[in-house]
Amino acid sequence: GAVVSQHPSRVICKSGTSVKIECRSLDFQATTMFWYRQFPKQSLMLMATSNEGSKATYEQGVEKDKFLINHASLTLSTLTVTSAHPEDSSFYICSAVGQVRGTQYFGPGTRLLVL
Amino acid sequence: ELKVEQNPLFLSMQEGKNYTIYCNYSTTSDRLYWYRQDPGKSLESLFVLLSNGAVKQEGRLMASLDTKARLSTLHITAAVHDLSATYFCAVDIRASNYQLIWGAGTKLIIKP
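These figures come from a predicted structure and were not determined experimentally.

Undergrad: Tell me what's going on with the overall build of chain A, and back it up with residues and numbers.
TA: Regarding its fold elements, chain A presents zero helices and eleven strands. If you list the helices and strands of chain A from N to C, you get β-β-β-β-β-β-β-β-β-β-β. Here the C-alpha atoms of chain A give a radius of gyration of 13 Å, agreeing with the 13 Å that 2.2 N^0.38 yields for 115 residues. In terms of principal-axis extent, the alpha carbons of chain A reach across some 40 × 25 × 20 Å. Within chain A, the proportion of its 115 residues that are buried is 51%. Element-wise, carbon and sulfur atoms account for 52% of the exposed surface of chain A, whose accessible area totals about 5,600 Å². Averaged over its 11 positive side-chain charges, chain A has a centre that lies 5 Å from the centre of its 8 negative ones.

Dropping the structure here:
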């Protein structure tokens, strides 16, 4: 149980295009999902907290107009990187909070490369 | 400032040896997590430690929590090559949104 999927797993795009990443909790409902990005050899950096039915809460320094988050249902959150640039290239990981309070279950990650 | 500090950040060891990774945190918390990350992969949950004195073991890994000292340890017994990975600890800061504060990670290389 407690499986979280992400799609796509890997994406290469041209600079200026937008990329949508989906995060799904497959066998449980998640009112809260988190979006992280991770640079090589670094820890996870929390980008935003996604709550079903409400606006996402962004961490300081994260541009909400560039990283659009939509948590449309209890099993799906999407992150759209708008007008992507090479500096947005990173490993993006989502997590969903399960029924056991606070336990985060992680998706497999999406590797984004912007050319 | 909320801080979670892991040490060492890098550890290279021989198979068969024992070693401990330390995780210190600066705020009150009664819930601490250990995760494993393989290169290019996402995070795999190893342990959830829920109370002072909690000890959990899985195979060659054992984790403990001392909430008074604000310290958790991840002990590796008779290391094997397959345990090579990066290990993260993360602390639940009791925020209503279940946000975690992450350590920097310990990269563990176990040489055959």
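Undergrad: Break down the pattern of salt bridges for me, citing the residues and quoting the values.
TA: Residue and element names in this part refer to chain B. Evaluated as defined, the whole model comprises four salt bridges over all chains. Between Arg 36 and Asp 38 there is a salt bridge, with its nearest N and O atoms 2.9 Å apart. Using a relative accessible area of 26% as the deciding quantity, one classes Asp 38 as partly exposed.

Undergrad: A description of the interface of chain B and chain A should follow, citing residues and the corresponding values.
TA: With 18 residues of chain B at the contact, the number on the chain A side is 22 residues. Taken together, the two surfaces of chain B and chain A that pack against each other cover about 1,600 Å², and 52% of this comes from carbon and sulfur. Of all residues in chain B, B:Ser42, B:Tyr98 and B:Trp102 give up the largest surface area on contact with chain A, accounting jointly for 32% of the area buried on that side. In this assembly, chain B and chain A are joined by zero salt bridges. Put simply, chain B and chain A have five residue pairs in polar contact (both at pLDDT 80 or more) between them. Secondary structure elements with two or more residues in the side of chain B that touches chain A: β4 (32-37), β9 (85-92) and β10 (100-102) of chain B. Tallying contributions element by element places β4(B) first for the side of chain B that touches chain A, with three residues. Counted by class, the side of chain B that touches chain A contains eight nonpolar, six polar and four charged residues.

Undergrad: Please provide a residue-by-residue account of the side chain of B:Thr86, values included.
TA: Within the fold, B:Thr86 resides in strand β9. Setting aside anything within four residues of it in sequence, one finds B:Thr86 in contact with B:Tyr35, B:Arg36, B:Gln37, B:Gly105, B:Thr106 and B:Lys107.

Undergrad: If you had to explain the sheet that holds strand β7 (residues 61-66) of chain B to someone new, which residues and values would you point to?
TA: Residues and elements named next belong to chain B. Taken in spatial order, the five strands line up as β1-β3-β8-β7-β6 in an open sheet, and their pairing is antiparallel. Of all the strands in the sheet, just β1 (4-7) and β6 (55-58) have a single pairing partner and so form its edges. When strand polarity is set aside, the average angle formed by the axes of neighbouring strands in this sheet is 15°. Two elements, β7 and strand β8 (residues 71-76), share six bridges in a ladder whose sense is antiparallel. Note that in β8 the partner of Ala 63 across the bridge is Leu 74.

Undergrad: Please give an account of the sheet that holds strand β1 (residues 4-7) of chain A that cites residues and values.
TA: All names here are of chain A. Pairing is antiparallel across the open sheet formed by four strands, whose spatial order is β1-β3-β8-β7. The open sheet has two edge strands with one neighbour each: β1 and β7 (67-73). In this sheet, adjacent strand axes meet at a mean angle of 15° when their direction is disregarded. Taken together, the five bridges between β7 and strand β8 (residues 76-81) define a ladder with antiparallel strand orientation.

Undergrad: Could you give an account of the state of the cysteines, with specific residues and numbers?
TA: If you walk through the whole model with that rule in mind, you get two disulfides over all chains. Here B:Cys23 pairs with B:Cys89 through a disulfide, and the sulfurs are 2.0 Å apart. The disulfide joining B:Cys23 to B:Cys89 has a torsion of about 80° about its S-S bond and is therefore right-handed. Linking B:Cys23 in strand β3 (residues 19-25) with B:Cys89 in strand β9, this pair joins segments that are 66 residues apart in sequence. For the pair B:Cys23 and B:Cys89, a shared accessibility class is recorded, and that class is buried. For the unlinked cysteine A:Cys13, the closest cysteine sulfur is that of A:Cys94, found at 18 Å.

What counts as what
- Residues numbered from 1 in each chain as written.
- Chains lettered and ligands numbered in written order.
- Predicted model: local features only at pLDDT ≥ 70, side-chain atom pairs only at ≥ 80, totals over all residues.
- Heavy atoms only, no water.
- Helix = DSSP H or I, 4+ residues; strand = E, 2+ residues; numbered from the N terminus.
- Rg over C-alpha atoms; globule rule 2.2 N^0.38 Å.
- Buried < 20%, exposed > 50% of the residue type's maximum accessible area, 1.4 Å probe, protein only.
- Areas by Shrake-Rupley, 256 points an atom, 1.4 Å probe, with all protein chains shown as cover.
- Lys, Arg positive; Asp, Glu negative; His and termini not counted.
- Charge placed at Lys NZ, Arg CZ, Asp CG, Glu CD.
- Salt bridge = Lys/Arg side-chain N within 4 Å of Asp/Glu carboxyl O.
- Contact = heavy atoms within 4.5 Å.
- Buried area = accessible area lost by both parts, 1.4 Å probe.
- Polar contact = N/O pair within 3.5 Å; in protein donor to acceptor, adjacent residues only side chain to side chain.
- Nonpolar A, V, L, I, M, F, W, Y, C, P; charged D, E, K, R; others polar.
- Pairing = 2+ DSSP bridges.
- Axes fitted to C-alpha atoms, helices over the stretch in contact; angles between N-to-C directions.
- Disulfide = S-S within 2.5 Å.

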